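# Summary of structural features
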Amino acid sequence: MYDYDGRTGYEPISDVDRKEFHEQGFLLLRGVLTEEHRAALEQAVDRIHGRATATGNTGADGSLHLLGFLERDHLFGDLLTHPVTFPYVWGLLGWNIYTHHHHLDVTPPAREPERPYWGWHQDGYRQNSDPETLDPAVPRPMFSLKVAYVLSDLTETGRGATKIIPGSQVRNSLPRPDDVSAHHPDPAGTVEITAEPGDAFVFDRRLWHSRSTNRSAITRKMLFVGYTYRWIRPLDDLHVDREGPWWAARTPVQRQLLGDGKHTANYWGINWDGHVDDDIPLRQELKHRGLLDRRIPWLR
């Protein structure tokens, strides 16, 4: 629907990008969305925010944090395999994946001075406890990542952008002040992600990050799409009508990314005989294109 110079979403990422992601925990991708595409996504976000406002389903400040938003518009569904960002998804996670979590965020300018809060966290909830060893020096597994699409102008700090600590994904804990009712400086190494409308960033769920207060006159608008392994249960409560037009318009790979599978063993990447299932759509696509790579464990 939108012209991305012939890119398919199956161009492999470079070893340099993979190394930077593993070292820093994120990648900032410039100019991911064409202006026409970005504007259409923003209009869709504005429609949803307008309906939420009319029905009293925003925060008192007009903010919106909407989980499971993909089915709200065909444009959102197509983000699952965006031709620029999708190579980073399968290139960093592999082929046995789907989206378990996605959210739409609208953050208007703050109406009052910033109140003290401690927002630093790693994503994943129990993924940060259940698989952990008793050795704090051993990092937790990544398990999932997110692609964040920037729809509004975040070129200056103070516009409610995400704050991160590059490289912190290998740290299982972050010192927390004893009294979080008072203001505290950000942890050492904090960076607020500044980005142009149409940029995107990909980040490891373990990367320590925090929201920030929007002290500007610009409303922040973001779309986040998370991906994890198919043997992990979904986080968002999805209500996809598999008989309706939205589902009919999804490709086999997109349907996999929405949780489709032939049977329970299929979610573990295998058939009932215990062998790898080469018919899993994303694996099949990568194999057809010669993109499976035995040097990289998750692309074998």
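Residues numbered from 1 in each chain as written. Predicted model: local features only at pLDDT ≥ 70, side-chain atom pairs only at ≥ 80, totals over all residues. Heavy atoms only, no water.

Bringing the sheet that holds strand 7 (residues 200-204) into the picture now. Across the sheet, which stays open at both edges, the six strands sit in the order 1-7-4-9-3-2 with antiparallel pairing between neighbours. Either end of the sheet is taken by a strand with one partner, and the two such strands are strand 1 (26-29) and strand 2 (64-67). Mean inter-strand twist for the sheet, computed between neighbouring axes without regard to direction, equals 15°. Note that strand 4 (residues 144-150) and strand 9 (residues 220-229) share seven bridges and pair antiparallel. Pairing of Val150 across the sheet is with Met222, part of strand 9. (Pairing = 2+ DSSP bridges. Helix = DSSP H or I, 4+ residues; strand = E, 2+ residues; numbered from the N terminus. Axes fitted to C-alpha atoms, helices over the stretch in contact; angles between N-to-C directions.)

Tracing the sequence through the fold places Arg18 in helix 1 (residues 15-24). Exposure remark for Arg18: the relative accessible area of 10% places this residue in the buried category. Residues in contact with Arg18, not counting those within four places in the same chain, are Ile13, Gly91, Leu92, Ile296, Trp298 and Leu299. (Buried < 20%, exposed > 50% of the residue type's maximum accessible area, 1.4 Å probe, protein only. Contact = heavy atoms within 4.5 Å.)

Moving on, we get to the pattern of salt bridges. Within the structure shown, the criterion is met by 23 salt bridges. Between Glu112 and Arg115 there is a salt bridge, and its shortest N-O distance comes to 2.7 Å. A relative accessible area of 58% places Arg115 in the exposed class. Note that Asp204 and Arg206 form a salt bridge whose closest N and O atoms lie 2.7 Å from each other. Taken together, the salt bridges that share partners define one network made up of Glu35, Arg38, Glu42, Asp46 and Lys221. (Salt bridge = Lys/Arg side-chain N within 4 Å of Asp/Glu carboxyl O.)

The next point concerns the sheet that holds strand 5 (residues 163-164). With antiparallel pairing, the three strands of this open sheet are ordered in space as 6-5-8. Edge positions in the sheet fall to strand 6 (191-192) and strand 8 (209-210), since each of these pairs with one other strand and no more. Two elements, strand 5 and strand 6, share two bridges in a ladder whose sense is antiparallel. Each residue of the ladder has a partner; that of Ile164, found in strand 6, is Val191.

Core analysis: the largest hydrophobic core is formed by 58 residues, its most contacted members being Phe76, Leu104, Leu145, Tyr149, Leu223, Tyr227 and Leu282. Contact partners of Leu223, with chain neighbours within four places excluded, come to Leu41, Val45, Phe69, Phe76, Leu79, His103, Leu104, Val147, Ala148, Tyr149 and Leu151. One finds Ala148, Leu154, Ala161 and Phe201 within the second-largest nonpolar core, a separate group that totals 13 residues. (Core = buried A, V, L, I, M, F, W, Y, C linked by side-chain atoms within 4.5 Å.)

Let us look at the layout of surface pockets. Taken as a whole, the largest pocket holds about 1200 Å³ of empty space. The wall of the largest pocket is formed by 47 residues, among which His65, Asp105, His121, Arg211 and Arg220 lie closest to the centre. Secondary-structure elements contributing two or more residues to the lining of the largest pocket are strand 2, strand 3 (97-107), strand 4, strand 8 and strand 9. Broken down by element, the lining of the largest pocket gets its largest block of residues, six residues, from strand 3. Looking at the lining of the largest pocket, its residues break down into 15 nonpolar, 20 polar and twelve charged. Its volume calculated, the second largest pocket comes out at about 390 Å³. Considering the residues around the second largest pocket, the lining is formed by 18 residues, among which Asp78, Thr81, His82, Pro83 and Gln254 are closest to the centre. (1 Å grid on protein atoms, 1.4 Å probe; cavity = no way out; pocket = protein on both sides within 12 Å on 5 of 7 lines; lining within 4 Å. Points joined across faces, edges and corners; volume = space filled by probe spheres on them. Nonpolar A, V, L, I, M, F, W, Y, C, P; charged D, E, K, R; others polar.)

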